[in-house]
Amino acid sequence: MSRLEAVLHVLYLVFNEGYSTTSGTEALRVELTSEAIRLTREVRRLLPGNGEVAGLLALIPLAEQDRSRWNARQITEGIGLVTTSLSGSPVGSFQIQAAIAAIHDEATTAGDTDWPQILALYDLLARTSTNPVVALNRAVAAAMVHDPQAGLDLIAGLDHDRHLASQHRLHAVRAHRHEQAGDLAAAHAGFEEAARRATNIPEQRYLRAQAARLASTR
């Protein structure tokens, strides 16, 4: 890994920790996300022609969930950076991830999301990445494009990854796919397991609420 790649990876991790904290009582640490954006903009100023720097800067402002609270200025900045970085330099992982985030953002509702295009981009990303989180996200996209079982089949292949299997996200994603398939008992068990493994208190509450919601329908 080059020095620049290491710097970009650290900035990406700092933003992710702020965006979804791994432990504690807060779901979001704004000071970390803001600092990651500031530092990435500084790297972009120093290296304006680097596609991966532009890709990371595009990815960070777009990585939001609540569409009604998205920052329109940052999203416009991100989409512009995606367009520039994809057309002007060799494509790297941050550029692909930024393109995926841009597709999510361009959909006015979750139901309008262009999942086939997202799956195609995850297929491309999977060719150059051994990151199990990429594989997990690809399973989600496959379930949305094809059917829940397609996603569950891909998720089953990740059970051997000790790091991922020990975290709550694998179990939460599996639970969502079971619910999508109509297997509410398996979904309930999955949300319960995910809640037990989550170390972030807001995430624990959310996952327990999902399990309780399913329990009330059985």
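Just above sits the structure.
Residues numbered from 1 in each chain as written. Predicted model: local features only at pLDDT ≥ 70, side-chain atom pairs only at ≥ 80, totals over all residues. Heavy atoms only, no water.

Draft legend 1. Structural context of the overall build of the protein. For the protein, the helix and strand inventory stands at 12 helices and 0 strands. The secondary structure elements of the protein, listed N-terminal to C-terminal, are α-α-α-α-α-α-α-α-α-α-α-α. Residues counted as buried form 42% of the 218 residues belonging to the protein. Pairs at least 24 residues apart make up 53% of the contacts formed inside the protein by residues separated by at least 6 positions. Carbon together with sulfur atoms contributes 55% to the accessible area of the protein, which is approximately 11,600 Å² in total. (Helix = DSSP H or I, 4+ residues; strand = E, 2+ residues; numbered from the N terminus. Buried < 20%, exposed > 50% of the residue type's maximum accessible area, 1.4 Å probe, protein only. Contact = heavy atoms within 4.5 Å. Areas by Shrake-Rupley, 256 points an atom, 1.4 Å probe, with all protein chains shown as cover.)

Draft legend 2. Structural view of the nonpolar core. Of all hydrophobic cores here, the largest spans 22 residues; its most connected members are I118, Y122, L136 and L170. Listed by contribution, the elements that provide at least two residues to this core are α5 (93-106), α6 (115-128), α7 (132-145), α9 (162-165) and α10 (168-181). When neighbours within four sequence positions are excluded, Y122 is seen to be in contact with I100, V134, N137, R138 and A141. Ranked by size, the runner-up nonpolar core spans 10 residues in total, among them A172, A187, A194 and L207. (Core = buried A, V, L, I, M, F, W, Y, C linked by side-chain atoms within 4.5 Å.)

Draft legend 3. Summary view of the environment of S216. Here S216 lies in helix α12 (residues 201-217). Within the structure, S216 has its side chain in polar contact with the backbone oxygen of R213 (distance 2.6 Å). (Polar contact = N/O pair within 3.5 Å; in protein donor to acceptor, adjacent residues only side chain to side chain.)

Draft legend 4. Layout of α10. Between the first and last C-alpha of α10 there are 20 Å, a value that for 14 residues agrees with the 20 Å anticipated at 1.5 Å per step. Those residues of α10 lying buried are H168, L170, H171, A172, V173, R174, A175, R177 and H178. The secondary structure elements touched by the buried residues of α10 are α7, α8 (148-156), α9, α11 (184-197) and α12. G182 sits one or two residues past α10 and shows a positive phi near 95°. (Expected span 1.5 Å × (residues − 1).)

Draft legend 5. Highlighting the pattern of salt bridges. Counted according to the given criterion, the structure contains 7 salt bridges. Linking R45 and E42 is a salt bridge whose minimum nitrogen-to-oxygen distance equals 2.5 Å. Of the two residues, R45 and E42 are both situated in helix α2 (residues 30-46); the distance of 3 residues between them amounts to about one turn of the helix. With a shortest N-O distance of 2.6 Å, R197 and E193 are connected by a salt bridge. Remark: E193 and R197 occur in helix α11; sequence separation between them is 4 residues, near one turn of the helix. One continuous salt-bridge network, built from bridges that share partners, spans E193, R196 and R197. (Salt bridge = Lys/Arg side-chain N within 4 Å of Asp/Glu carboxyl O.)

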